[in-house]
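Letter by letter, the chains look like this.
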Amino acid sequence: MNSTEQPGLQRIENWFQARQWQPFDYQREVWQAYLSGKNGLLNAPTGSGKTYALWMPVLINWINEHPNTYKELADNGLQLLWVTPLRALARDIEQALQKVVDELEIPWQIARRTGDVSSYKKQKMKEQMPEVLITTPESLHILMAQKGYKNYFSDLEAVVIDEWHELLGSKRGTQTELGLSRLKHLRPKLNIWGISATIGNLREAKQVLLGVNDDPENAVIIKANVEKNLEVQSVLPEDVEKFPWSGHLGTKLLPKVLPIIEENRSTLIFTNTRSQSEVWFQQLLEAKPELAGTIALHHGSLSKKIRRWVEQSLHEGKLKAVVCTSSLDLGVDFAPVETVIQIGSPKGVARFMQRAGRSGHQPGATSRIYFVPTNALELIEAAALKTAATQQIAIEDREPVVKPYDVLTQYLITLAVSDGFSPNTLYEEVTSTFAYQTLNRKEWNWIMNFITTGGQSLTAYDEYSKVVEDDGRYKVTDRKIKRRHRMSIGTIASDTMMSVKYLNGAHLGSIEEWFIASLNKGDTFWFAGKSLELVRTKQMTAYVRRAHTTKAKVPSWMGGRMSLSSNMSELLRHKLHEAIEGSADDIELQTIQPILDVQHNWSTLPDEDELLIEQTTSKEGHHLFFFPFEGRYVHEGISALVAYRISQLKPITFSIAMNDYGFELLSDKKIPIKKALTNDLFSDKKLVEDIFSSLNDTELAKRRFRGICHIAGLIFKGFPGQRKASRHLQSSSSMFFDVFDQYEPDNLLLQQAYDEVLSYQLDEVRLRKALRRIQSQTINLKNTERFTPLAFPIMVDRLRERLSSESLTDRVQRMQLQLEKHT
Amino acid sequence: MISNASTFNLCGNRFWLLPERAIYWKKKETLFIADLHIGKSAHFRKHGIAVPKQVGRSNLNRLEQLIEDIKPEHLIILGDLFHSDINKEWQQFIDWRKRYRQLQISLVVGNHDILKVERYHTGLINIFKKMKLEPFLLVHDKSNYSSADEQGLYILSGHIHPAAKLNGKGRQAMKFPCFYFGQQYGILPAFGTFTGTHIISPTEKDKVFIVVEDKVFSVN
């Protein structure tokens, strides 16, 4: 690349020089590829200068093409679309991009369009698009639901999808694919780039980003080889015998976390759930009141004002510590962060590395992360993580979502709401995406029929109306339906939220409606790191005042039940083997030894070549514990399969619980396990058939259907502030599930629920692999007198799946009515 | 023909609790149902939400079957007969109603019953805010009434779509739609399909009957 022929490159090189910076080799490599018209995927971690890698070539190109006029103010139209998964990141990116154009005296306008931006600003944007728009996948689709949206993109040169690895494995990724397919159609020469952290399947990530029609010659993967040293240290309990066998809060080790916070200039404390972060924040303050004012809380339910303040204070180095959730996983660098603390299992190597990377940002600096186990068994995970993190192995894949009908349904309505679409052209476009490459005409027609006739032939009594044909184009004409659709674009199904405000109107954040509904006036709860008293609720707002008690409820947000990745599971099994063999010198394994001894004495410690099954009874009934160590998701599948196969031997009802190490079958009747074991219990023959049969007896598909209902627009949560108007349209996904199941069993959305269970929860490939592994193992059936250290954490889990081969009438007759609790 | 029903004596009157989620008071040849929500599926479909339209038809079919089986003189609906503002399922219902002219139909108006009064009248349906049928007072939502204010009449109502939760050994739990009879009021399960349920918390003094498939069970 000759910089004399490229005034733009010259300008940018000068800009770097003026700052006494030197562009990294990989940055130059990206510039060159971009300028030669290539698409690509940049593999770079947070804090490596990835933003400049893709921002600079856009500017270089602009200056090259407008060498004499680039400093002049003009209506250039939208040049660059920057898509980020997190709203919170948009502002940081905006500032970073703005700084560069200001210094280069390029009078470009840089703006955000996310759910956080006021509708006034959005309206102004419609009249004149900025040169750079930073947005989320959802907001991109909302743009596409506006009349005349094509005009917004008529000058578009490039799209950058930031943190692509975060989007890739979810339906937001599919939404991004669809958005890109539309933009490519509008602007065939569009430059498309993704930025991804390290994942196992980078090549596939690139293909998903660019679609199936992309010429591989025209696309590159560029890796940023930015060296980073990682130091992992576990925080260990003094007396492991008193350390709990189960639980996930981990506050027992809080006294040992305090000195870490004190010794470091600035620390990020990652927790796995929002409630855990509230509890930690509160207990840190209780243990050390002088921390008040220097520590803060950050999670997704807090108001953007509070979140912004925390982020800003972090930037300015004003905070000693921030307790956070995945809300701070990503983002532009918080330069002053010295240390990261991870509370509880991060469940996967990639996430752990990402979080570790949030500290010591300067290239070459050492990232330091402390792991705080929340129960005894997590010490084994700690040892496994340490091995994985330091040896740079076993980074997980992010599997792209394949052919979700709900996302496509939503997308078609989005286009019908704005300018309408003609089915034949759109079909070609949609099937050019990775996600829908196998979508056949029959499926397409079903979805078209679903949105035009409600899935059925119209008859005299039917008034179905949604998408209507108008001269070959399919449109939504009803204003109410348009408005409702624009309100519900997105693929993240969340509960109805209520905003939490002080009496003077100051906004604290939002909490799930069901939690507020469980409170009475005068009850206190912890939120935003404060103890609050509920004063009253009005429409969708809960008014609160400060309470002066520390005895308050903590909202327990759902979710946070991630599964151990298969790589982590394998590492874990190997660590256990090392512990049995005594070949490991990990301090974590030495610490947990007394607990492993208890397990060994009461039952056995299963080695890699055996499957341990423990059998015991309690006043609750007959318990069977299986320990395949395959992670929660695989256990979901195996437990349903095993329960189903046993239930075929005699009429029996099971309550099933699981964690990452094993699963439990609990029944009020004796479980014929010996007979089952001689009957090929773990065979992988008839696997799919048996799994399907077991699905009909569990709630797995029904639960999956909830998200699908929201995305496909069957459930509408109401307009903000005016819920009553839509009350007659209230329903629940389980009601839909039941009526579809009864009247439209071939409904594709219903099929999708089953498919999703099979491919995400009961991942057939992983399941088959696990079963084969079990078949090669020796089965060790132990009768235990009490719950062992391995069994106990599963036994206490309240979240349970059920499976039965008994008739309802038989079951009911052994049950009792739940009466009002006497308080 | 009445099958699979349970009988229950309420204030000295013998009630048949039917698995169709209805009560038959034989002495008065009166059938009680609550919360039909006719028109709900059509209302959803009209607003672009694709509920299978057979749902509406099935509500009517079930009602017809019940009327054929029981042959009551009087059908009393404890509110929420029609789900929303007018749509074509109303006409479908009225067409059906006119085939059973000899059947007297009374509606105690519920919060969903927002159609104009004339529509009920031309549909040959008597409407009431509350209805006295000694020793009972029939209302839609019992929370607006108390037995003490109504000369000690026992209140029969609908509105909440009650369900009861049952627990068993081995951490088993299930919920079923139910009939609830407390000291001063009783609540009927919702008759309509595609309606949700609300789990009630009865005390030991209350009587609860659950509907399991095609049977009615007393559970306490």
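Residues numbered from 1 in each chain as written. Chains lettered and ligands numbered in written order. Predicted model: local features only at pLDDT ≥ 70, side-chain atom pairs only at ≥ 80, totals over all residues.

Caption draft 1: Structural context of the overall build of chain B. A tally of regular secondary structure across chain B gives 4 helices and 16 strands. Relative to its length of 220 residues, chain B is compact, with a C-alpha radius of gyration of 17 Å against a globular reference of 17 Å. Overall, chain B is about 45 × 45 × 35 Å in size when its C-alpha atoms are taken along their principal axes. Within chain B, buried positions represent 47% of all 220 residues. Here the analysis covers contacts within chain B between residues at least 6 apart in sequence; of these, 63% occur between residues at least 24 apart. (Helix = DSSP H or I, 4+ residues; strand = E, 2+ residues; numbered from the N terminus. Rg over C-alpha atoms; globule rule 2.2 N^0.38 Å. Buried ≥ 20, exposed ≤ 12 C-beta atoms within 10 Å, placed from the backbone. Contact = placed C-beta atoms within 7 Å.)

Caption draft 2: Here's a closer look at the overall build of chain A. The number of helices and strands found in chain A is 30 helices and 27 strands. By the compact-globule yardstick of 28 Å for 823 residues, chain A fits well, its C-alpha radius of gyration being 28 Å. Taken along the three principal axes of its C-alpha coordinates, chain A extends 85 × 75 × 60 Å. Counting only residues that meet the buried cut, chain A has 47% of its 823 residues in that class. Taking the contacts inside chain A whose residues are at least 6 apart along the sequence as the reference set, 76% of them involve residues at least 24 apart.

Caption draft 3: A look at the interface of chain A and chain B. Chain A puts 40 residues into the contact, and the matching count from chain B is 42 residues. Put simply, the parts of the chain that give the side of chain A that touches chain B at least two residues each are β23 (653–658), β24 (663–667), α26 (733–743), α30 (808–813) and β27 (816–817) of chain A. Of the residues that constitute the side of chain A that touches chain B, the class distribution is 16 nonpolar, 13 polar and 11 charged. In terms of strand pairing, β27 of chain A meets strand β11 (residues 162–168) of chain B through 2 bridges, oriented antiparallel. Bridge pairing links Leu817 of chain A to Leu166 of chain B in β11 of chain B. (Nonpolar A, V, L, I, M, F, W, Y, C, P; charged D, E, K, R; others polar. Pairing = 2+ DSSP bridges.)

Caption draft 4: Broad picture of the packing of helix α22 (residues 632–647) of chain A against helix α24 (residues 687–696) of chain A. All names here are of chain A. Remark: α22 packs on α24, axes separated minimally by 9 Å, with the N-to-C direction vectors making an angle of 85 degrees. Here α22 lies roughly perpendicular to α24, going by the angle between them. In contact with Gly637, Ala640, Leu641, Ala643, Tyr644 and Arg645 of α22, α24 contributes Asp690, Ile691, Ser693 and Ser694. (Axes fitted to C-alpha atoms, helices over the stretch in contact; angles between N-to-C directions. Parallel < 35°, antiparallel > 145°, perpendicular 65-115°, else oblique.)

Caption draft 5: Quick peek at the sheet that holds strand β25 (residues 778–783) of chain A. Residues and elements named next belong to chain A. Strand order in the open sheet formed by 6 strands is β25-β21-β22-β24-β23-β26, with mixed pairing between adjacent strands. The open sheet terminates on both sides in strands that have one partner only, identified here as β25 and β26 (801–804). If you compare each strand with its neighbour and ignore which way they point, the axes differ by 20 degrees on average. Direction of pairing for β23 relative to β26: antiparallel, over a ladder of 4 bridges. If you follow Ser655 over to β26, its bridge partner there is Arg802. Relative to the sheet, α22 contacts β22 (621–627), β23, β24 and β26, its axis offset from that of β23 by approximately 165 degrees.

Caption draft 6: Inspection of the UniProt feature "domain: Calcineurin-like phosphoesterase" (unreviewed entry) in chain B at higher detail. Within this numbering scheme, the UniProt entry marks residues 31–141 of chain B as carrying the feature "domain: Calcineurin-like phosphoesterase" (unreviewed entry). Measuring from the first to the last C-alpha atom of residues 31–141 of chain B gives 19 Å, for a span that is 37% helix and 20% strand. (UniProt positions renumbered as here; feature names shortened; annotations may be inferred.)

Caption draft 7: Quick peek at the packing of helix α25 (residues 700–711) of chain A against α26 of chain A. All names here are of chain A. Packing of α25 against α26 brings their axes to within 9 Å, and their N-to-C directions diverge by 105 degrees. By the angle between their axes, α25 is roughly perpendicular relative to α26. Two secondary-structure elements touch here, α25 through Lys702, Phe705, Arg706 and Cys709 and α26 through Ser733, Ser734, Phe736 and Phe737. In terms of residue class, the contact of α25 with α26 is made up of 4 nonpolar, 2 polar and 2 charged.

Caption draft 8: Inspection of the nonpolar core at higher detail. The biggest cluster of nonpolar side chains holds 225 residues, and the ones touching the most others in it are Leu42, Val160, Ile269 and Val322 of chain A. When residues in this core are grouped by element, the largest group, 10 residues, is from helix α3 (residues 50–65) of chain A. Judged by nonpolar contacts, the second largest core, of 56 residues, contains Phe15, Ile38, Ala190 and Phe191 of chain B. (Core = buried A, V, L, I, M, F, W, Y, C linked by C-beta atoms within 7 Å.)

Caption draft 9: Here's a closer look at unusual backbone geometry. Cis peptide bonds are those with omega within 30 degrees of zero, and the linkage from Glu134 of chain B to Pro135 of chain B qualifies with 5 degrees. As for its position among the elements, Pro135 of chain B is in the loop between β8 (131–133) and β9 (136–138). Within the chain, Lys686 of chain A stands out as a residue other than glycine whose phi angle is a positive 55 degrees. For Lys686 of chain A, the location among the structural elements is in the loop between α23 (673–677) and α24. Judged by the 13 C-beta atoms lying within 10 Å of it, Lys686 of chain A is partly exposed. Despite not being glycine, His161 of chain B shows a phi value in the positive range, around 55 degrees. Mapping His161 of chain B onto the fold places it in the loop between β10 (154–157) and β11. What makes His161 of chain B buried here is the crowd of 24 C-beta atoms within 10 Å.

Caption draft 10: Highlighting the pairing of strand β1 (residues 6–10) of chain B. Residues and elements named next belong to chain B. Alignment of β1 against strand β2 (residues 13–18), held across 5 bridges, turns out to be antiparallel. Residue pairing across strands places Leu10 opposite Asn13, the latter belonging to β2. Hairpin connection between β1 and β2: a loop of 2 residues separates the two successive antiparallel strands, and Cys11 in this loop has a positive phi of roughly 50 degrees.

Caption draft 11: How the structure looks around the environment of Lys347 of chain A. All names here are of chain A. Structurally, the position occupied by Lys347 is in the loop between β12 (339–343) and α13 (349–356). Each C-alpha atom of the pair Lys347 and Ala321 lies 23 Å from the other, and the pair is 26 residues apart in sequence. When residues no more than four places from it in sequence are discounted, the contact partners of Lys347 are Met562, Ser563, Leu564, Ser565 and Met568.

Caption draft 12: Just the sheet that holds strand β5 (residues 158–161) of chain A, in detail. Residue and element names in this part refer to chain A. Read from one edge to the other, the open sheet built from 7 strands follows the order β3-β4-β2-β5-β6-β1-β7, with strand pairing classed as parallel. Looking at strand neighbours, the two that pair on one side only are β3 (110–113) and β7 (219–223), the edges of this open sheet. Taking the axes of each pair of neighbouring strands and ignoring which way they run, one obtains an average angle of 15 degrees across the sheet. Here β5 runs beside strand β6 (residues 191–196); their pairing, made up of 4 bridges, is parallel. From the neighbouring strand, Val160 faces β6, where its bridge partner is Trp193.

Caption draft 13: Layout of the pairing of strand β3 (residues 22–25) of chain B. All names here are of chain B. The side-chain alternation of β3 yields two buried faces, one formed by Ala22 and Tyr24 and the other by Ile23 and Trp25. Bridge analysis of β2 against β3 gives 4 bridges, and the strand direction is antiparallel. By the bridge assignment for β3, Phe15 is matched with Trp25. Between β2 and β3, which pair antiparallel one after the other, the connecting turn spans 3 residues, and Arg21 there sits at a positive phi close to 70 degrees. Pairing between β3 and strand β4 (residues 30–33): 3 bridges, direction antiparallel. Counterpart to Trp25 in the pairing with β4 is Thr30. Here β3 folds back onto β4, and the loop between the two strands holds 4 residues, one of which, Glu29, carries a positive phi near 50 degrees.

Caption draft 14: The environment of Ile295 of chain A, seen in detail. Residues and elements named next belong to chain A. Within the secondary structure, Ile295 is located in strand β10 (residues 295–298). Each C-alpha atom, one on Ile295 and one on Val430, is 48 Å from the other, the two residues being 135 residues apart in sequence. Ignoring sequence-local partners within four residues, the contact set of Ile295 consists of Leu284, Leu319, Lys320, Ala321, Val322 and Val323.

Caption draft 15: Inspection of helix α9 (residues 202–210) of chain A at higher detail. Residues and elements named next belong to chain A. Every buried residue belonging to α9 is among Leu202, Ala205, Lys206, Val208, Leu209 and Leu210, and all of these are buried. Looking at the buried residues of α9, the elements they touch are β1 (39–43), β5, α7 (164–168), α8 (171–186), β6 and β7. Of the residues flanking the end of α9, it is Gly211, one or two places downstream, whose phi is positive at about 85 degrees.

Caption draft 16: Molecular detail of α25 of chain A. Residues and elements named next belong to chain A. For α25, a buried count of 9 out of 12 residues is recorded, marking the element as mostly surrounded by other parts of the structure. By the burial criterion, the buried members of α25 are Leu700, Ala701, Arg704, Phe705, Gly707, Ile708, Cys709, His710 and Ile711. Positioned one or two residues after α25, Gly713 has a phi angle of 80 degrees, which is positive.

Caption draft 17: Fine view of the environment of His165 of chain A. Summarising the element assignment, His165 of chain A is placed in helix α7. Dropping the residues within four chain positions of it, His165 of chain A is found in contact with Ser196, Ala197, Ile199, Ala205 and Arg398 of chain A.

Caption draft 18: Region of the structure containing the confidence of the model for chain A. Summarising the model, chain A shows a mean pLDDT of 87, and 92% of its residues fall at 70 or more. Within the model, pLDDT remains below 50 along residues 721–725 of chain A, and this stretch shows 6 contacts once partners closer than five positions in the same chain are excluded. (pLDDT = per-residue confidence, 0-100.)

Caption draft 19: Structural detail: the confidence of the model for chain B. Confidence in the prediction of chain B, expressed as mean pLDDT, is 92, and 100% of residues score 70 or more. Taken together, the chains of this predicted complex give a pTM of 0.85 and an interface ipTM of 0.87.

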